[in-house]
Amino acid sequence: VHRKEPGCASDGITIMWFGGQQGNNDNMTVSTSWIDAATGSNATAGGNGANSARRGMGSVSNAVRAVYASGYTGSSYIGVMDYFTPANRTTASGTDFGDLQEDKYAVGGAQDATRGLFAGGANGGFRNTIDYITVDTASNGTDFGDMQESRLNVGACGDHETGRAYFYGGQVPDSTSGHNNERSKTSEYLSVQTLGNGTFGGDLTDWRQLVGSCSGD
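Throughout what follows, the structure given in this document is the object of discussion.

Scoring rules and cut-offs
- For every chain, the first residue of the written sequence is number 1, and numbering continues from 1 along that sequence.
- Residue-level local features of this predicted model are given only where pLDDT is at least 70; pairs of side-chain atoms are given and counted only at 80 or more, and the full residue set underlies all totals for whole chains, interfaces and linings.
- The side-chain quantities take in all heavy atoms of the structure and omit both hydrogens and water.
- For Phe, Tyr and Trp, where Trp contributes only its six-membered ring, two rings pair if their centres lie within 6.5 Å, and the inter-plane angle classes them as stacked under 30 degrees, edge-to-face over 60, or tilted in between.
- Elements are defined by DSSP. Helices are runs of H or I of four residues or more, strands are runs of E of two residues or more, and each kind is numbered from the N terminus.
- The classification of residues rests on relative accessible area computed with a 1.4 Å probe and restricted to protein chains. Under 20% of the type maximum is buried, over 50% is exposed, and intermediate values are partly exposed.
- Two conditions define a charge sitting above a ring: the NZ of Lys or the CZ of Arg must be within 6 Å of the ring centre, and it must be within 35 degrees of the ring normal.
- Pairing between strands requires that DSSP locate at least two bridges from one strand to the other.
- Lines are fitted to the C-alpha atoms to define the axes, a helix being fitted only along its stretch in contact, and any angle between axes, read from their N-to-C directions, falls within 0 to 180 degrees.
- Among buried residues, those of type Ala, Val, Leu, Ile, Met, Phe, Trp, Tyr and Cys that are joined through side-chain atoms within 4.5 Å constitute a nonpolar core.
- Only heavy atoms enter the contact rule, under which two residues are in contact if any of them lie within 4.5 Å.
- Here a polar contact is recorded for every N or O atom pair within 3.5 Å, except that within protein the pair must consist of a potential hydrogen donor and a potential acceptor, and residues adjacent in sequence are included only if both atoms are side-chain atoms.

Notes on the packing of aromatic side chains
Consideration 1: Within the structure shown, the criterion is met by nine aromatic pairs.
Consideration 2: Taking the centre distance of 4.7 Å and the plane angle of 45° together, the rings of Phe18 and Tyr68 count as tilted. In this pair, Phe18 sits in strand β2 (residues 14-18) while Tyr68 sits in strand β6 (residues 66-72), placing the two residues 50 residues apart along the sequence. Like Tyr68, Phe18 is buried.
Consideration 3: Consider the rings of Tyr83 and Phe97, whose centres lie 6.0 Å apart with planes at 80°: the pair is edge-to-face. In this pair, Tyr83 sits in strand β7 (residues 77-84) while Phe97 sits in strand β8 (residues 95-104), placing the two residues 14 residues apart along the sequence.
Consideration 4: By relative accessible area, Phe97 is classed as buried at 3%.
Consideration 5: Linked through ring pairs, Phe18, Tyr68 and Phe84 together constitute an aromatic cluster.
Consideration 6: Over the aromatic face of Tyr132 sits the side chain of Arg115, whose NZ or CZ is 4.2 Å from the ring centroid.

Remarks on the environment of Ser70
Consideration 1: Relative to the helices and strands, Ser70 resides in strand β6.
Consideration 2: Separated by 36 residues in the primary sequence, Ser70 and Ala106 place their C-alpha atoms 7.1 Å from one another.

Focus: the sheet that holds strand β15 (residues 184-191)
Consideration 1: The four strands lie next to each other as β13-β14-β15-β16, forming an open sheet whose pairing is antiparallel. What marks the edges here is a single partner per strand, and that holds for β13 (155-159) and β16 (199-208). Strand-to-strand twist in this sheet, taken as the mean axis angle between neighbours without regard to direction, amounts to 20°.
Consideration 2: As defined by bridge partners, β13 adjoins strand β14 (residues 164-168) across five bridges and the pair is classed as antiparallel. Its bridge partner lying in β14, Cys157 is registered against Tyr166.

Some remarks on the nonpolar core
Consideration 1: Ranked by size, the top nonpolar core spans 13 residues in total, and within it Leu117, Ile130, Phe144, Ala165, Phe167 and Leu190 carry the most contacts.
Consideration 2: Listed by contribution, the elements that provide at least two residues to this core are β10 (115-119), β11 (129-134) and β14.
Consideration 3: When sequence neighbours within four positions are dropped, the list of residues in contact with Phe144 reads Arg115, Leu117, Ile130, Asp131, Tyr132, Leu190, Ser191, Val192, Thr194, Leu195 and Gly196.
Consideration 4: Core analysis: the next-biggest nonpolar cluster, separate from the first, contains 11 residues, Val67, Tyr83, Phe97 and Val107 among them.

Digging into the side chain of Lys104
Consideration 1: As for its position among the elements, Lys104 is in strand β8.
Consideration 2: A distance of 2.8 Å separates the side chain of Lys104 from the backbone oxygen of Gly120, its partner in a polar contact.
Consideration 3: Separated by 2.9 Å, the side chains of Lys104 and Thr129 make a polar contact.
Consideration 4: Once residues lying within four places of it in the same chain are set aside, the contact partners of Lys104 are Ser70, Gly71, Tyr77, Ile78, Gly79, Gly120, Gly121, Ala122, Asn123, Arg127, Thr129 and Asp131.

Okay, here's the thing in structure tokens:
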């Protein structure tokens, strides 16, 4: 399945992609595709992992559960969070988890072993807000703090060893100082278990938006 801005999550065994836009029109899907992380292969169709059809989701996951948040439905921004179990990869369907503090899309998701963060995004304007959740407990998002820069389609990853989350690159307002054609190369980090705002780290080698990311234990 061809997908634009799908969500992606892994439990360490299965990697899954879900939702996204198909084609040039606002044709959103709820379908999932998966691969076995250890062997690699062409993707296999799974269940309807996205509870509502949309693109521009951020996601966090642990060894049991994946949670994905926000999105654009083709007509509106939503702050809905859903979850599913990647181990049920052939039949996994989304279940309501809660809502972010605001409706938006294209957030970045990062986590440590227990807590997930959803940062940035847009809903007509660029956002710098950060929500946090406990991945194993369904609830609404709670205010964590703010990123130093407002941005969407930001790269995000978490380091379980240090307990830090990193957000980097992304699309920023064209008025933001020191950036190139609405693209950022700055990075921010924070401690996932300590509420607060992001701290600037180093820079990427180039200005980037729609940044991909991954991390390991």
